[in-house]
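Understanding the architecture of this molecule
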Amino acid sequence: MRVCFYTLGCKVNLNETGALEQMFRSAGFTIVPEGEEADVFVVNSCTVTNFGDQKSRKWLRRAKRENPGAVTVLTGCYPQAFPEEAAQFMEADLICGNGDRKAILDNVLKLLDGHERIVAIAPHAKGERFEELPVERFETHTRAFIKVEDGCNRQCAYCVIPRARGPVRSRSEESILAELRQLSASGYREVVLSAISLPSYGLDTGTSLVELVEKCARVEGIERIRLGSLDPDMLTPEYITRLAAVDKLCPQYHLSLQSGCSATLRRMRRVYTAEQYAEVVRQLRAAYGDRPVSFTTDCICGFPGETEEDFRESCAFLKEIGFLKVHVFPYSRRSGTPAYDFPDQVHEREKQARSREMNAIAEDIRREVLAGCEGSEDDVLLETPLSGTLFTGYTRLYVPVVVSAPGHKSGEIVHVRLGSYDGERVRAEMV
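Small disclaimer: the values here were computed from a predicted structure and weren't measured. (Residues numbered from 1 in each chain as written. Predicted model: local features only at pLDDT ≥ 70, side-chain atom pairs only at ≥ 80, totals over all residues. Heavy atoms only, no water.)

1. Topic: the overall build of the protein
Assigned secondary structure in the protein consists of 13 helices and 19 strands. Scaling as 2.2 N^0.38, a compact globule of 431 residues should have a C-alpha radius of gyration of about 22 Å, and the protein matches this with 22 Å. Oriented by its inertia axes, the alpha-carbon framework of the protein measures out at about 65 × 60 × 45 Å. Of the roughly 18,900 Å² of accessible surface on the protein, 49% is carried by carbon and sulfur atoms. Here the protein contributes 55 positive and 63 negative side-chain charges, whose respective centroids are spaced 1 Å apart. (Helix = DSSP H or I, 4+ residues; strand = E, 2+ residues; numbered from the N terminus. Rg over C-alpha atoms; globule rule 2.2 N^0.38 Å. Areas by Shrake-Rupley, 256 points an atom, 1.4 Å probe, with all protein chains shown as cover. Lys, Arg positive; Asp, Glu negative; His and termini not counted. Charge placed at Lys NZ, Arg CZ, Asp CG, Glu CD.)

Given below as C-alpha cells:
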C-alpha cells in the first residue's frame, strides 16, 4: 500500500508528519512523493490563515479526483479549530484533529477495509497530556527536529492557534532525552527543539526550557542544539545567563517580534513593548560578551489600526536590532480571532505595499549583518549536496553558506571561513 503526505505550516507540523510517516512505514506502507499514485492521501493542515484551509481542501480534492478509490485524510489544526466546517468537507474520508494521532493508522485501515466515512475530532480538554509521537529518522533532513511541547496559553488578537492546539502540555524530559539519544545513534549531530510555545515548556510540569537545554547538551554525539521561536518576555536575566553558558547551544535566537511599534503590539495583545524587546536583545548580547550572537524574527505589516507612522516605527526598529533574517507577513484577516472584527482594517493593497517595502529593508539589514561576518570563522552543518564536493549548509549563527568540502558528506560538521554574500548564500572555504 502507498501513502502520500502533504504538510502545511510550522516545524511542529513537519515533525508530526515525520512521526506519522514512521507509523505508516512500520505498518508496511510505502511513502510516495506528491504527484504519484497512492492508496492513501493525508493532509496535515495549517489554519493560521484562511488561505491555509483553502490549500488543504484544494489538495485533497485533486487527490480524490485523480485517485477516486483512494482514502483521503484531513488532520491537523484546521479541523481542530473549525470542526463543524471541516466535517462538511466531503472529499475527506477521515477527518481528525490534533489529538490521538496514533488512531489515524487504525482508522485508515478500517476505511481501506470498507468502513464508512469517519469524523473523529476530540476537543481539547483542560489537563490533557502531551501525546508522544517520537521520530527515529527524518528522511529528507540532516538536522533532527524534536517536538517538546504542544499548546499555547496566550491570547494574541490575530492568532487562532490556542483554539487549534489547546493549552500548554510539556513532554517529559525522560522521553525527550531518550529520543535524542536515539537520534544521536542514527548519526544526527544537530537537533532543533520545536514547540507551539517553546518558552512555555515546563510551565505545567515544574521544570523549564533552560533546564531541558542543559540536559540535552549532555547527550553524547549531539554537537549542536538549536531553539525554535521564543517570546522575549519569557527570557528572564537568569535564563539568558544560563543559555549563554551552554556551549552546544547555537547562538542564534529567533525572538518573536510581530511589530516594532509598541502601540501596534498593544493592539495585537502581545505582552511586551518594543523597548522591552530591545532590552532582551541587549541582555543576550551582553551575556555572550565577545562571542557573536545573531537574531531572527517574524514581523506583520498592516495589522488593523497600523498607521503609516506606526509602520515607519516598526521598520526603524528592525534596523535598530540588526536582524540576520526577518520573515515579513502582510496581516491575514483570520475568522475566529478577535482582530477579524477590529476597526480600521488596512486595505489589502496597502498591506502588500508595506510588506514589499519591509522585505526590502530586511534584506538590506541582512546584507549589512552578513558583510560584518566576512572573514570570520564558524562551523557549518553540511546539508544539501550541489555536486560531489559542493554543499549548502548553515553556521551556528544560522548564516547560509555554500562550501566545497571534498571527502565529506551531508550531516557532517566542518570548520569554515566566511566570504562574501551573493544575495542567497555566503561563499565559504574550509580552514
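2. A look at the domain arrangement of the protein
Frequently, the measure chosen for interface size is the accessible area that the parts lose on association. Here the domain parsing of the protein yields domain 1 (2-120), domain 2 (143-372) and domain 3 (376-430). Measuring from the centre of the C-alpha atoms in domain 1 to the corresponding centre in domain 3 gives 36 Å. (Domains from an automatic or database assignment.)

3. Brief notes about helix α9 (residues 237-244)
Within the span of α9, buried status applies to Ile240, Leu243 and Ala244. The arc that holds every buried residue of α9, seen down its axis, measures 95°, which confines them to one face. Each element contacted by the buried residues of α9 is listed here: α8 (209-216), β12 (252-255) and α11 (274-288). (Buried < 20%, exposed > 50% of the residue type's maximum accessible area, 1.4 Å probe, protein only. Arc of directions from axis to C-beta. Contact = heavy atoms within 4.5 Å.)

4. Looking at the packing of helix α7 (residues 173-185) against α8
Axis separation between α7 and α8 bottoms out at 11 Å; the angle between their running directions is 30°. Classified by chirality, the crossing of α8 by α7 is right-handed. For the pair α7 and α8, contact is made by Glu173, Ile176, Leu177 and Leu180 and by Glu211, Leu212, Lys215 and Cys216, respectively. Grouping the amino acids of the contact of α7 with α8 by side-chain chemistry returns 5 nonpolar, no polar and 3 charged. (Axes fitted to C-alpha atoms, helices over the stretch in contact; angles between N-to-C directions. Left-handed = near helix turned anticlockwise from the far one by under 90°. Nonpolar A, V, L, I, M, F, W, Y, C, P; charged D, E, K, R; others polar.)

5. Details of the pattern of salt bridges
This structure, assessed with the given rule, holds 39 salt bridges. Across the salt bridge formed by Asp53 and Arg334, the nearest N and O atoms sit 2.6 Å from each other. Linking Asp53 in helix α2 (residues 50-66) with Arg334 in the loop between β14 (325-330) and α13 (348-373), this pair joins segments that are 281 residues apart in sequence. Each member of the pair Asp53 and Arg334 is classed as buried. (Salt bridge = Lys/Arg side-chain N within 4 Å of Asp/Glu carboxyl O.)

6. A short note on unusual backbone geometry
Residues other than glycine predominantly adopt negative phi, and peptide bonds predominantly adopt the trans conformation. Positive phi, normally seen in glycine, also occurs at Gln258, with a value near 75°. On the basis of relative accessible area, Gln258 is assigned to the buried category, the value being 9%. For Tyr398, which is not a glycine, the phi torsion comes out positive at approximately 70°. Within the secondary structure, Tyr398 sits in the loop between β16 (390-395) and β17 (400-404).

7. Structural notes on the UniProt feature "domain: MTTase N-terminal" (unreviewed entry) in the protein
Per the UniProt record, the feature "domain: MTTase N-terminal" (unreviewed entry) sits at residues 1-113. Span residues 1-113 is 47% helix and 20% strand, its end C-alpha atoms 13 Å apart. (UniProt positions renumbered as here; feature names shortened; annotations may be inferred.)

8. A word on the side chain of Gln252
Relative to the helices and strands, Gln252 is located in strand β12. Separated by 2.9 Å, the side chains of Gln252 and Arg226 make a polar contact. At 3.0 Å, the side chain of Gln252 and the side chain of Thr296 are in polar contact. In this structure, Gln252 is in contact with Arg226, Ser294, Thr296, Arg396, Leu397 and Tyr398, ignoring residues within four places of it in sequence. (Polar contact = N/O pair within 3.5 Å; in protein donor to acceptor, adjacent residues only side chain to side chain.)

9. Structural notes on the pairing of strand β10 (residues 224-227)
By the alternation rule, side chains of β10 split into Arg224 and Arg226 and Ile225 and Leu227, which are all buried. Pairing of strand β9 (residues 190-195) with β10, which is carried by 4 bridges, proceeds in the parallel orientation. The residue of β10 that forms the bridge with Glu190 is Arg224. (Pairing = 2+ DSSP bridges.)

10. Overview of the sheet that holds β17
On the basis of which strands lie adjacent, the closed barrel formed by 5 strands has the order β15-β16-β17-β19-β18 and mixed pairing. Strand-to-strand, the axes of this sheet are offset by a mean angle of 50°, without reference to chain direction. As judged from the 4 bridges shared by strand β18 (residues 413-421) and strand β19 (residues 426-430), these two strands associate in the antiparallel manner. Bridging from a neighbouring strand, Leu418 pairs with Ala428 of β19. Lying on the sheet, α13 is in contact with β17, β18 and β19; it crosses β18 at an angle near 120°.

11. Re the packing of aromatic side chains
Applying the stated criterion to the full structure yields 13 aromatic pairs. Plain terms: the ring middles of Tyr6 and Trp59 are 4.9 Å apart, the flat faces sit at 15° to each other, and that makes the pair stacked. Here Tyr6, found in strand β1 (residues 2-7), pairs with Trp59, found in helix α2; they are 53 residues apart in sequence, far enough to count as distant. Both residues of the pair, Tyr6 and Trp59, count as buried. Centre to centre, the rings of Tyr272 and Tyr277 are 6.2 Å apart; their planes meet at 45°, and the pair counts as tilted. The same class applies to Tyr272 as to Tyr277, namely buried. (Phe/Tyr/Trp six-rings, centres within 6.5 Å; stacked < 30°, edge-to-face > 60°.)

12. As for the sheet that holds strand β5 (residues 94-96)
Pairing is parallel in the open sheet, where 6 strands are placed in the order β2-β1-β3-β4-β5-β6. The two strands at the open ends of the sheet, each matched to only one other strand, are β2 (30-31) and β6 (118-120). Where β5 lies against β6, 3 bridges are found, and the strand directions are parallel. Bridge assignment links Ile95 to a residue of β6, and that residue is Val119. Helix-sheet contacts for helix α1 (residues 11-26) involve β1, β2 and β3 (40-45), and the interaxial angle to β1 is about 175°. Sheet strands in contact with α2 are β1, β3 and β4 (71-76), and its direction is about 175° off that of β3.

13. Observations concerning the nonpolar core
By size, the foremost hydrophobic cluster in this structure holds 67 residues, and its most contacted members are Val148, Leu193, Leu249, Tyr253, Leu255, Tyr277 and Leu284. Non-local contacts of Leu284, meaning those with residues more than four positions away in its chain, are made with Leu235, Ile240, Tyr253, Leu255 and Phe295. Grouped together as the second largest cluster of nonpolar side chains are 24 residues, Ala70, Tyr78, Phe82 and Ile121 included. (Core = buried A, V, L, I, M, F, W, Y, C linked by side-chain atoms within 4.5 Å.)

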